[in-house]
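Here's the letter readout for the chains.
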Amino acid sequence: MTFKIVDINKQKKRKNLLMVIVFLGYLIFNGILLARHEMWRDEANVWLMARELSPFALLKEIKYQGHPCLWYFLLMPFAKLGLPFRTISFVSYIIMAVTAGLFLYKAPFYKPIKAIVLFSPAFTYYYTVIARNYCLIALLLILLAVYYPKRNDKCVLFGLLLGLLVQSDVIALAEAGVISCFWLGENLWQCYKRKTMMPFWNILRGIWIPLCSFILLILQFYHVSDSPVFRVESFGKLELIREVRNHSYQILERLSGREQSFCFIFFLLSIGFMLFATLKLRNIQAVTVMASAFLFQAVFSVMVYQLHIWHFLSLCFVFIWALWIMYEQRKEGRGKEWITGAVLGGLQVLLLVLSICMFTRWNDKEESSGLENALYGSYSDGGGTAEYIRENIAPDELIVSVNVPWASTVLAYLPGYDFYYAGNGQKESYADWSEEQSGEISFEELAVWARKNFPDKQEFYLLDSNQSCLRDPEGKLEECQVLYKTGEKTAMAEEYIVYLIKL
């Protein structure tokens, strides 16, 4: 008996050592990608807002940006302390490192599957290296899975996690709302069964948090001016259903890189396995959350805004959460039959298949954010342009840009510098997507503006980029001296030219 115990302990130590090696490999691999990553305008815009706006001003500006406040508030202390722009990448890297560690050591999945999933685009690069708010969705869903068994013992913590999930991104609203409703519903059912209100009073300590967070979300996006992409009154309800179906396929096609037939089979198997497990577990929570999150993204893409790969990847974490919860529900006493375990194992295999497909897609040369481009390509030249300006142009010189979003990438690297937007003559910072930042101006009008507002200047510098607001049919800009020019095309089309323009 003693020998068996020692042998089991040795096996556990070997397995733990293997997981440590996998985790360190994950950190090193993503660290290499992080060192190669060049920041771009979506990262810069958030950093500039966090650096330059007060918390109240930020809340007023949120509705024009499309993302709730949590990511901005998280970055605000770092930005206001004057830390470099690249800090934003380390924040996302640390968040995803914690997420990966929890998944690797806590998820009730097969260890080889966890190791492979960890190196798929769900955990690697997109959320870890490219610093966007979506990494918060990943972390919070994993934490909600970890604390699911203790949801009624740690009501405040569970409610806080749900409230934060609401503020992580609008696309997380479906899963946060459905989880909250099921949490409330199961406790109300306990009140009915036990003939006591104690479960309700207990959950009330935490359930108010996601509700208040939802109200705050509404206040942040109240009176958003953007119009829907799809108008039901113009196209009809049947066309809406067809569009939602097409976007549902598009989500799976974009994630897997496979054709519609593969996606259809994958969809049927996922739904079939989940429904079978739901019947055995006699709990519809997991499948409802998964279906709601998936359908919400499809409808959102049709009705509001075309979503992209960063949004779709969040569904992988909803899938992980749903499968994790099914295992926890099985521990609670239902679905003990071997066939239930086999079906849950089948869902793990589907997660593995999707992860392999995503990794294959990531290696596609046509993928703008692909692995080859991440390691050897050029994502943006904002950093290189900023370095040239820092070394060759003094902060008190007049620098004019022709596109606020593109210029924000350069500006984020240059605290202490001022850029002026040619379209309205105002100091620029983050992109607020207003009409003022969409104005146009001719080359002659720009020269007149510079002479009038800066009479002591004999010259100024023009930061040219894509989607320029400058009208120059006579080609006068081409006659000006080029000081700097991006040498190659970038994945995010952020190439720049710095001109010296004599007055």
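The structure displayed is predicted, hence computed values, not measured ones.

Participant: Hey, could you run me through the overall build of the protein in this one?
Facilitator: Scanning the protein from terminus to terminus reveals 20 helices and eight strands. Expected size for 503 residues packed as a compact globule is a radius of gyration near 23 Å; at 26 Å, the protein falls within 12% of this value. Summarising its shape, the C-alpha atoms of the protein cover approximately 85 × 55 × 45 Å along the three principal directions. Going through the 503 residues of the protein one by one, you find that 53% of them count as buried. For the protein, the proportion of contacts with a sequence separation of at least 24, taken over those separated by at least 6, is 75%.

Participant: What am I meant to see in the pattern of salt bridges here?
Facilitator: Oppositely charged side chains can form a pair if their charged atoms are brought close together. Across all of its chains, the model carries 13 salt bridges by this definition. In this structure, a network of salt bridges that share partners links the residues Arg151, Glu186 and Glu332.

Participant: Even after reading the chapter, I still don't get the side chain of Arg151, so can you show me in this structure?
Facilitator: Note that Arg151 resides in the loop between α7 (134-146) and α8 (155-168). For Arg151, a relative accessible area of 8% translates into the label buried. A distance of 2.7 Å separates the side chain of Arg151 from the backbone oxygen of Tyr148, its partner in a polar contact. In this structure, Arg151 is in contact with Phe158, Trp183, Glu186 and Glu332, ignoring residues within four places of it in sequence.

Participant: Help me understand the packing of aromatic side chains in this model?
Facilitator: Two aromatic rings are characterised by how far apart their centres lie and by the angle between their planes. Per the counting criterion, the structure on display carries 30 aromatic pairs. Residues Tyr420 and Phe454 carry aromatic rings whose centres are separated by 5.3 Å and whose planes lie at 75° to one another, so their mutual orientation is edge-to-face. One end of the pair, Tyr420, is in strand β2 (residues 419-421); the other, Phe454, is in the loop between α20 (443-453) and β5 (459-464), with 34 residues separating them in the sequence. One aromatic cluster in this structure is built from Tyr26, Phe29, Trp40, Phe119, Tyr125, Tyr126, Trp310, Phe359, Trp362 and Tyr379.

Participant: Looking at this model, I keep getting lost on unusual backbone geometry. Mind explaining?
Facilitator: Leave glycine aside and you will find that most residues have negative phi; peptide bonds, for their part, are mostly trans. Not every positive phi belongs to a glycine, and Tyr125 is a case in point at roughly 75°. Among the secondary structure elements, Tyr125 is positioned in the loop between α6 (111-118) and α7. Using a relative accessible area of 1% as the deciding quantity, one classes Tyr125 as buried.

Participant: Where do I start with the sheet that holds strand β7 (residues 481-485) in this structure?
Facilitator: Each strand in a sheet pairs with another by means of backbone hydrogen bonds, the pair being arranged parallel or else antiparallel. The strand order across the open sheet built from six strands is β3-β2-β1-β5-β8-β7, with neighbouring strands paired in mixed fashion. Each having just a single partner strand, β3 (427-428) and β7 make up the two edges of the open sheet. Of the strand pairs in this sheet, strand β1 (residues 399-401) and β2 are connected by three bridges, and their pairing is parallel. Its bridge partner lying in β2, Ile399 is registered against Phe419. Running at roughly 130° to β7, helix α18 (residues 382-392) makes contact with β1, β2, β5, β7 and β8 (497-502) of the sheet.

Participant: In this structure, what is going on with the confidence of the model for the protein? I would like to understand it.
Facilitator: Close reading of the predicted structure is inappropriate where its pLDDT is low. The share of residues in the protein with pLDDT of 70 or more is 97%, and the mean pLDDT across the chain is 92. When the elements of the protein are averaged for pLDDT, helix α11 (residues 232-235) gives the smallest value, 67, and α7 the largest, 98.

Participant: Even after reading the chapter, I still don't get a positive patch on the surface, so can you show me in this structure?
Facilitator: Positive charge collects at one region of the surface, where Lys193, Arg194, Arg282 and Arg334 lie side by side. With respect to the element layout, Lys193 can be found in helix α9 (residues 173-194).

Participant: How should I be thinking about a nonpolar patch on the surface in this particular structure?
Facilitator: The grouping of Leu17, Val20, Ile21, Leu24, Ile28, Ile32 and Tyr105 at the surface amounts to a nonpolar patch, some 650 Å² of accessible area in total. Here the element with the most residues in the nonpolar patch is helix α1 (residues 2-36); it accounts for six residues. As for its position among the elements, Leu17 is in helix α1.

Participant: I would appreciate a short explanation of the environment of Ile32 in the present structure.
Facilitator: Looking at where Ile32 falls in the secondary structure, it is placed in helix α1. Ile32 gets classed as partly exposed once you look at its relative accessible area, which sits at 45%. Ile32 sits 16 residues away from Asn16 along the chain, and the two C-alpha atoms are 24 Å apart.

Participant: Would you mind going over the nonpolar core with me for this structure?
Facilitator: What tends to happen in soluble globular proteins is that the nonpolar side chains get buried as a cluster. In terms of nonpolar packing, the biggest core is built from 154 residues, with Trp71, Phe123, Tyr127, Phe317, Ile320 and Phe419 touching the most fellow members. Look past the residues within four positions of Phe123 in its chain and what remains in contact with it is Tyr26, Asn30, Met96, Thr99, Ala100, Phe103, Val117, Leu118, Thr128, Phe317 and Ile320. Val402, Ile441, Leu446 and Ala450 belong to the second largest nonpolar core, which has 23 residues in total.

The rules behind the values
- Residues numbered from 1 in each chain as written.
- Predicted model: local features only at pLDDT ≥ 70, side-chain atom pairs only at ≥ 80, totals over all residues.
- Heavy atoms only, no water.
- Helix = DSSP H or I, 4+ residues; strand = E, 2+ residues; numbered from the N terminus.
- Rg over C-alpha atoms; globule rule 2.2 N^0.38 Å.
- Buried < 20%, exposed > 50% of the residue type's maximum accessible area, 1.4 Å probe, protein only.
- Contact = heavy atoms within 4.5 Å.
- Salt bridge = Lys/Arg side-chain N within 4 Å of Asp/Glu carboxyl O.
- Polar contact = N/O pair within 3.5 Å; in protein donor to acceptor, adjacent residues only side chain to side chain.
- Phe/Tyr/Trp six-rings, centres within 6.5 Å; stacked < 30°, edge-to-face > 60°.
- Pairing = 2+ DSSP bridges.
- Axes fitted to C-alpha atoms, helices over the stretch in contact; angles between N-to-C directions.
- pLDDT = per-residue confidence, 0-100.
- Patch = residues over 30% accessible without salt bridge, like charges linked within 9 Å, V, L, I, M, F, W, Y side chains within 5 Å.
- Areas by Shrake-Rupley, 256 points an atom, 1.4 Å probe, with all protein chains shown as cover.
- Lys, Arg positive; Asp, Glu negative; His and termini not counted.
- Charge placed at Lys NZ, Arg CZ, Asp CG, Glu CD.
- Core = buried A, V, L, I, M, F, W, Y, C linked by side-chain atoms within 4.5 Å.

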